[in-house]
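A structural walkthrough
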Amino acid sequence: MTAAIVGWAHLPFGRHAEETVESMIVKVAVDAISDAGLEPKDIGEIYLGHFNGGFSPQDFTASLVLQADPALRFTPATRVENACATGSTAVHMGVRAISAGAARFVLVVGVEQMTTTPGPEIGRNLLKASYLAEEGDVQGGFAGVFGKIAEAYFQRHGDQSDALARIAAKNHKNGVNNPYAQMRKDLGYEFCRNEGEKNPFVAGPLKRTDCSLVSDGAAALVLTDTATALGMKKAVAFRSLAHVQDFLPMSKRDILKFDGCRHAWGQALTQARMGLEDLSFVETHDCFTIAELIEYEAMGLAPEGQGARAILEGWTEMDGKLPVNPSGGLKAKGHPIGATGVSMHVLTAMQLTGEAGGIQVKNAEVGGIFNMGGAAVANYVSILQALK
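Since this is a predicted model, take the numbers as computed values, not measurements.

Reading the values: rules and limits
- Residues numbered from 1 in each chain as written.
- Predicted model: local features only at pLDDT ≥ 70, side-chain atom pairs only at ≥ 80, totals over all residues.
- Heavy atoms only, no water.
- Helix = DSSP H or I, 4+ residues; strand = E, 2+ residues; numbered from the N terminus.
- Buried < 20%, exposed > 50% of the residue type's maximum accessible area, 1.4 Å probe, protein only.
- Lys, Arg positive; Asp, Glu negative; His and termini not counted.
- Charge placed at Lys NZ, Arg CZ, Asp CG, Glu CD.
- Core = buried A, V, L, I, M, F, W, Y, C linked by side-chain atoms within 4.5 Å.
- Contact = heavy atoms within 4.5 Å.
- Phe/Tyr/Trp six-rings, centres within 6.5 Å; stacked < 30°, edge-to-face > 60°.
- Lys NZ or Arg CZ within 6 Å of the ring centre and 35° of its normal.
- UniProt positions renumbered as here; feature names shortened; annotations may be inferred.
- Salt bridge = Lys/Arg side-chain N within 4 Å of Asp/Glu carboxyl O.
- Pairing = 2+ DSSP bridges.
- Axes fitted to C-alpha atoms, helices over the stretch in contact; angles between N-to-C directions.
- Expected span 1.5 Å × (residues − 1).

**Here we look at the overall build of the protein chain**
Each helix and strand counted, the protein chain has 13 helices and eleven strands in total. Overall, the C-alpha framework of the protein chain stretches about 55 × 45 × 40 Å when taken along its three principal axes. Residues classed as buried in the protein chain amount to 62% of the 388 residues present. Across the protein chain, 34 positive and 42 negative side-chain charges occur, with their mean positions spaced 2 Å apart.

So, in structure tokens, the structure goes:
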């Protein structure tokens, strides 16, 4: 354990027409530094996760973090991007900076503003996270990509509509008590299971309730080394972290196996000297419900083709043997691309310090995070545990 999270901040996700990318960055940067009990001058390096992809006319956003305070001027700041795993990329780069001794305190910010972009353009922007040479003509944008994945899964393993609806209902129920969630409404299984005017099919077997929300938002955290963290008011350490990058074209792999996810979990658990049964909960990347279903299998919770058991038998409910997405996940919380991975780390740290309020997992000691970019292309796993 070489690095720990010692402060954080999180804006509610949703539609924030009154905000800008810059204003959201500034808010969470200021609050995270303050939460850590530090001054801006203490920050030695900055990483910003911002996908953009056409959502914002302002590109080259790394230095916008410096707008939070004049004392941040001349601090090294780098923007990183790895599709929907952009936030975790920023976090992992921050941990590397701490591990290398490049800085004593690192500020990590994740941000995205998506809702000011017209609907058809949103789809085109998100599709840039796929292999355009082969997948650029898929109808429905990224939902179309995962619609095809769902169709293929159904063909191989049978109709999973019941399981997908249970996943959606679980995550929306969890999100009710998350003050940062965009949708705080318990939709119920029946609504999620049945097609209707308010829940139409979007792509293949995926309905609106199977798709994460277009969102604006930002989150931030402060990292330091574990020795320094022990002297601070709160500290959540990285037991392990893993990053596995897979081929971009889906044609070059069995897309139903999420092999990159499987390898990342294997590496992280081995490094932490733990098994999945040692985790108190998992925050996983449910950009679409079919993704969460396949991730059950890739993380080793259920055998290949049997992921439905995990949700249908209640394993991943808040009171199950491994609660998954107690925050409500991307499904209820929203998915502002660059902010998502940072949000996952912030909410996991809150769980492990007993600060998660209505979404608190009882006796949470160790939390796992899986954040992916593209269709299981960029795969990041973090395993966290409170130091104090």
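Let's pick the thread back up.
**Digging into the nonpolar core**
Residues Phe146, Ile149, Trp265 and Ile290 are the most contacted members of the largest nonpolar core, which totals 98 residues. Aside from chain neighbours lying at most four places away, what touches Ile290 is Phe146, Ile149, Ala150, Tyr153, Leu164 and Leu206. With 32 residues, the next largest nonpolar core counts Val6, Ile43, Ala68 and Phe105 among its residues.

**Topic: the packing of aromatic side chains**
Scanning the model with the defined rule gives two aromatic pairs in all. For the ring pair Phe142 and Phe146, a centre distance of 5.5 Å and an interplane angle of 55 degrees mean the geometry is tilted. Separated by four residues within a single helix, Phe142 and Phe146 lie in helix H5 (residues 141-157), roughly one turn from each other. You can call Phe146 buried: its relative accessible area is 0%. Arranged with centres 4.9 Å apart and planes meeting at 25 degrees, the rings of Phe146 and Phe288 form a pair that is stacked. Highlighted residues: Phe146 in helix H5 and Phe288 in the loop between strand S9 (281-283) and helix H10 (289-298), separated in sequence by 142 residues. The exposure classification of Phe146 matches that of Phe288, with both residues buried. Taken together, the aromatic side chains of Phe142, Phe146 and Phe288 make up a single cluster linked through ring pairs. The ring of Tyr189 has Arg166 sitting right over it, with the charged end atom 3.6 Å from the ring centre. Taking the ring centre of Trp8 as reference, the NZ or CZ of Lys234 above it sits at 3.7 Å.

**Remarks on the UniProt feature "domain: Thiolase N-terminal" (unreviewed entry) in the protein chain**
Taking the numbering used here, the UniProt-annotated feature "domain: Thiolase N-terminal" (unreviewed entry) corresponds to residues 4-225. Span residues 4-225 is 36% helix and 18% strand, its end C-alpha atoms 6 Å apart.

**Some details on the UniProt feature "domain: Thiolase C-terminal" (unreviewed entry) in the protein chain**
As recorded in UniProt, the feature "domain: Thiolase C-terminal" (unreviewed entry) lies at residues 251-385. Summarising residues 251-385: 37% helix, 14% strand, and an end-to-end C-alpha distance of 38 Å.

**Quick notes on the environment of Ala165**
Summarising the element assignment, Ala165 is placed in helix H6 (residues 161-175). The spatial distance from the C-alpha of Ala165 to the C-alpha of Leu132 is 30 Å, given a sequence separation of 33 residues. Excluding its chain neighbours within four sequence positions, the residues that come into contact with Ala165 are Tyr189, Cys192 and Arg193.

**Some words on unusual backbone geometry**
Even without glycine at this site, Ala83 takes up a positive phi of about 55 degrees. Here Ala83 lies in the loop between strand S3 (77-80) and helix H2 (86-99). If you check the backbone angles, Asn363 has positive phi at about 55 degrees while not being a glycine. Owing to a relative accessible area of 61%, Asn363 belongs among the exposed residues under this scheme.

**As for the pattern of salt bridges**
With the rule as written, the count across this model stands at ten salt bridges. Across the pair Arg193 and Asp162 runs a salt bridge, and its minimum N-O distance is 2.5 Å. Placement of the pair is Arg193 in helix H7 (residues 189-193) and Asp162 in helix H6, with a sequence separation of 31 residues. By relative accessible area, which is 38% here, Asp162 ends up partly exposed. Here Arg309 and Glu313 are joined by a salt bridge, their closest N and O atoms 3.1 Å apart. On the basis of relative accessibility, which here comes to 36%, the residue Arg309 falls in the partly exposed class. In the salt-bridge network here, residues are joined through shared partners; they are Asp35, Lys234 and Glu355.

**Re the sheet that holds S3**
Judged by pairing direction, the sheet is mixed, and its nine strands sit side by side in the order S3-S2-S4-S7-S1-S8-S11-S10-S9 without closing on themselves. Either end of the sheet is taken by a strand with one partner, and the two such strands are S3 and S9. The sheet shows a mean angle of 25 degrees between the axes of neighbouring strands, taken without regard to direction. Note: strand S2 (residues 45-49) against strand S4 (residues 105-113), five bridges, orientation parallel. Across the sheet, residue Leu48 finds its bridge partner in S4, namely Val109. Packing against the sheet, helix H9 (residues 259-272) makes contact with strand S8 (236-245), S9, strand S10 (366-373) and strand S11 (378-386), and its axis sits at approximately 145 degrees to S8.

**Overview of helix H3 (residues 119-127)**
One turn of the α-helix equals 3.6 residues, which is why residues spaced by three or four share an orientation. Burial in H3 covers these residues: Ile122, Asn125, Leu126 and Leu127. Where H3 is buried, its residues contact helix H4 (132-135), H5 and helix H13 (337-352).

**Observations regarding H5**
With 17 residues, H5 should reach 24 Å at 1.5 Å per residue; the first-to-last C-alpha distance of 25 Å fits that figure. The complete set of buried residues in H5 reads Gly141, Phe142, Ala143, Gly144, Val145, Phe146, Gly147, Ile149, Ala150, Tyr153 and Phe154. Where H5 terminates, the next one or two residues include Gly158, which has phi positive at roughly 95 degrees.

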